Amino acid sequence: MNGHRLGYVRVSTSKQTTDQQRDALEAAGVTRIFEDVISGSKSDRPGLKALLDFARDGDTITVVALDRLGRSMTHVILTIEELQSRGILVRSLRECVDFSQPVGRMLAGIFAALAEYERTLIRERAEAAREAARARGKQTGRPRALDKAKVEQAWRLREAGFTPSEI
């Protein structure tokens, strides 16, 4: 393996310890470990962010389990997808998945397809909700900042030579 051998550990509460995860990663040859003590449901994870900022093409990130990488299966898949697009390999000890190997690359392809499917479902659900709201006469999207009278006044000021920032 070329590049850095990086690892990431996470526990949910300060009552838990990262020792077991750290020991497993060190036994797997990881030389630098990033850590968070925060619930997996939280999106703001400074240790994971630092790892993602630090990792470069050719590096390998090892985790004890794939669920350490994200707050949901979709988030895990998107994180793996992002890492792979940057040329960063991912290994998971519990699932015995190494994305540098043929089976791991096949799983990465399946994960990418699942992520795309999930994104499509989200878009379709959002569009169906917008259509249902429109059918009921409800405003969708961001509310207008200006009412009709203010818009007309702005156009009159523009035609009178005022700049947009002055208006």
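For the structure itself, look to the data block above.
About the thresholds
Residues numbered from 1 in each chain as written. Predicted model: local features only at pLDDT ≥ 70, side-chain atom pairs only at ≥ 80, totals over all residues. Heavy atoms only, no water. Phe/Tyr/Trp six-rings, centres within 6.5 Å; stacked < 30°, edge-to-face > 60°. Lys NZ or Arg CZ within 6 Å of the ring centre and 35° of its normal. Core = buried A, V, L, I, M, F, W, Y, C linked by side-chain atoms within 4.5 Å. Buried < 20%, exposed > 50% of the residue type's maximum accessible area, 1.4 Å probe, protein only. Helix = DSSP H or I, 4+ residues; strand = E, 2+ residues; numbered from the N terminus. Contact = heavy atoms within 4.5 Å. Axes fitted to C-alpha atoms, helices over the stretch in contact; angles between N-to-C directions. Parallel < 35°, antiparallel > 145°, perpendicular 65-115°, else oblique. Left-handed = near helix turned anticlockwise from the far one by under 90°. Nonpolar A, V, L, I, M, F, W, Y, C, P; charged D, E, K, R; others polar. Expected span 1.5 Å × (residues − 1). Pairing = 2+ DSSP bridges. Right-handed = clockwise from strand over helix to strand, strands pointing away.

Chemist: Can you walk me through the packing of aromatic side chains in this structure?
Modeler: A ring pair, where both rings are aromatic, is described by two values, the distance of the centres and the angle of the planes. This structure, assessed with the given rule, holds 1 aromatic pair. Here the basic side chain of R32 rests over the ring of F54, its NZ or CZ set 4.3 Å away from the ring centre.

Chemist: Please explain the nonpolar core as it appears in this structure.
Modeler: A general tendency of soluble globular proteins is for nonpolar side chains to be buried together. L51, I61, L66, L69, I80 and F99 are the most contacted members of the largest nonpolar core, which totals 22 residues. Take this core: its biggest share by element is 4 residues, from helix α3 (residues 73–85). Beyond its immediate stretch of four places on either side in the chain, I80 contacts L66, L69, F99 and F111. Formed by 5 residues, the second largest nonpolar core is a distinct cluster that contains V9, L25, V30 and I33.

Chemist: Sorry, what's going on with the packing of α3 against helix α4 (residues 102–135) here?
Modeler: For any two helices packed against each other, one specifies the inter-axial angle together with the distance between the axes. It is at 9 Å that the axes of α3 and α4 come closest, and there the two elements cross at 125°. As summarised for this structure, α3 and α4 are arranged oblique, according to the angle between their axes. Remark: the crossing between α3 and α4 carries left-handed chirality. For the pair formed by α3 and α4, the contact residues are M73, T74, I77, L78, I80, E81 and Q84 on the first element and A108, F111, A112, L114, A115, E118 and R119 on the second. Across the contact of α3 with α4, the residue classes break down as 9 nonpolar, 2 polar and 3 charged.

Chemist: Can you help me understand helix α5 (residues 148–159) in this one?
Modeler: Every α-helical turn comprises 3.6 residues, leaving residues that sit three or four positions apart pointing alike. Across its 12 residues, α5 extends 17 Å between first and last C-alpha, which sits within 8% of the 16 Å expected from 1.5 Å per residue. Where α5 ends, the next residue or the one after it, G161, has phi of about 105°, a positive value.

Chemist: Mind showing me how you'd approach the pairing of strand β3 (residues 60–63) here?
Modeler: Two faces, one strand: in a regular strand the side chains alternate between the faces of the sheet. Alternating residues of β3 divide into T60 and T62 and I61 and V63, and every residue in both groups is buried. Strand direction decides the pairing type here: strand β1 (residues 5–11) and β3, joined by 4 bridges, are parallel. When the sheet's bridge partners are listed, Y8 is paired in β3 with V63. Note: β3 against strand β4 (residues 89–92), 4 bridges, orientation parallel. Bridging from a neighbouring strand, T60 pairs with L89 of β4. Where the polypeptide runs from β3 across α3 and back to β4, its parallel neighbour, the crossover connection is right-handed.

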